[in-house]
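Residues per chain are reported as follows:
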Amino acid sequence: MLSGGSDGVIVLYDLENSSRQPYYTCKAVCSVGRNHPDVHKYSVETVQWYPHDTGMFTSSSFDKTLKVWDTNTLQTADVFNFEETVYSHHMSPVATKHCLVAVGTRGPKVQLCDLKSGSCSHILQVVFAGHKQEILAVSWSPRYDHILATASADSRVKLWDVRRASGCLITLDQNNGEKSQAAESANTAHNGKVNGLCFTSDGLHLLTVGTDNRMRLWNSSSGENTLVNYGKVCNNSKKGLKFTVSCGCSSEFVFVPYGSTIAVYTVYSGEQITMLKGHYKSVDCCVFQSNFQELYSGSRDCNILAWVPSLYEPLPEEDELIPESYRNTLSNSSMTKTKSRLNPAFEDAWSSSDEEG
């Protein structure tokens, strides 16, 4: 796993639990430390593996750079320099015909960097205008390699087709085209800065979060607001907020940093399932690992916690009910012993009788 810190340091962790214990500490394999000649000068905002090969990864920082790294040597292969602070970057998980990195900066334009150019200073001249303020989040569709979503402090979310000269396909409208009493909310996705984006695993829907303490679910083809109500989703982040969705679960869940906790919702009903508690300060980011069915969260308390689905559900003792379906595997805090039953998701559904259906 890649992690980037506010001190500019990048650390690679081995996620394998060799101890087979329910609570364990992941070992750091290597790092780009403060003494490294190519270390970022300021906070690392985004890190991402090259989608097709872990021999390479990318990082972007408040030092106005996007860096491409050789994993084996921990040396930079390319450096892209920008005129503005970099908030976010993303590479398409499905692209095979292009190798573009979308970059959101303090400027209002979306920048595309081509890794195939092999030039340290090359930034595509295909720059999309349309936002009026800084771009806090960018995300490629996991379904179509040419569709890009961007979120801005101007309250707007736009979907782009990077093959088209005009670029912009849709500007998401929270009112679905209906006339609003407040004219300033027309063609806006939120009533505040939009600082987080996440496609569902099939790419058919897009989730957005804003500083208006709302999360919205959109049809990514039509741009329609599905009007799913998630209630208040506390969001005080002044920069990009990294949240994530599950993949491979019978019900799809969304995990959103919520103060020092992580709120878990069902994507399509909006129901809040639980609040994951384990951090001591604000959570800035979380990511879901589908192969392990694990969630990882990073916080300003300088800890990265791993969470796994609980095999057993706690039963209520007297009037107390513990609703958490995910358990923190790195917490040092002791857990109360409770009676438990097998989580229905892990029950054996096979019939023991030939006569039973």
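Residues numbered from 1 in each chain as written. Predicted model: local features only at pLDDT ≥ 70, side-chain atom pairs only at ≥ 80, totals over all residues. Heavy atoms only, no water.

A few words on the UniProt feature "repeat: WD" (unreviewed entry) in the protein. In this numbering, the UniProt entry assigns the feature "repeat: WD" (unreviewed entry) to residues 37-79, 128-163, 187-228 and 276-307. Within the segment residues 276-307, helix and strand shares are 0% and 59% respectively, and the terminal C-alpha atoms sit 9 Å apart. (UniProt positions renumbered as here; feature names shortened; annotations may be inferred. Helix = DSSP H or I, 4+ residues; strand = E, 2+ residues; numbered from the N terminus.)

Turning to the pattern of salt bridges, a few remarks are in order. All chains considered together, the criterion is met by four salt bridges. Of the charged contacts in the structure, one is a salt bridge between lysine 239 and glutamate 45, with a shortest N-O distance of 3.2 Å. Here lysine 239, found in the loop between strand 17 (214-219) and strand 18 (244-245), pairs with glutamate 45, found in strand 4 (residues 44-49); they are 194 residues apart in sequence, far enough to count as distant. For lysine 239, a relative accessible area of 21% translates into the label partly exposed. With a relative accessible area of 11%, glutamate 45 lands in the buried category. Salt-bridge contacts for aspartate 284 lead to arginine 300; the nearest nitrogen and oxygen are separated by 3.2 Å. Taken as a pair, aspartate 284 in strand 22 (residues 283-289) and arginine 300 in the loop between strand 23 (294-299) and strand 24 (304-309) lie far apart in primary sequence, 16 residues in all. (Salt bridge = Lys/Arg side-chain N within 4 Å of Asp/Glu carboxyl O. Buried < 20%, exposed > 50% of the residue type's maximum accessible area, 1.4 Å probe, protein only.)

Next up on the list: the sheet that holds strand 1 (residues 2-4). Two modes of strand pairing occur in sheets, parallel and antiparallel, and in both the strands are linked by backbone hydrogen bonds. Spatially, the three strands line up as an open sheet ordered 1-2-3, and their pairing is antiparallel. Edge positions in the sheet fall to strand 1 and strand 3 (27-32), since each has one partner strand and no second. Sheet twist, expressed as the mean angle between neighbouring strand axes with direction ignored, is 25°. Pairing of strand 1 with strand 2 (residues 10-14), which is carried by three bridges, proceeds in the antiparallel orientation. Residue serine 3 lies in a different strand from strand 2, and its bridge partner there is valine 11. (Pairing = 2+ DSSP bridges. Axes fitted to C-alpha atoms, helices over the stretch in contact; angles between N-to-C directions.)

With respect to the helices and strands, serine 92 occurs in the loop between strand 8 (86-91) and strand 9 (100-105). A polar contact of 3.2 Å, which involves the side chain of serine 92, links it to the backbone nitrogen of valine 94. At 3.1 Å, the side chain of serine 92 forms a polar contact with the backbone nitrogen of alanine 95. With near-sequence residues (within four places) excluded, serine 92 lies in contact with Pro51, His98, Leu100, Trp140, Ser141 and Asp145. (Polar contact = N/O pair within 3.5 Å; in protein donor to acceptor, adjacent residues only side chain to side chain. Contact = heavy atoms within 4.5 Å.)

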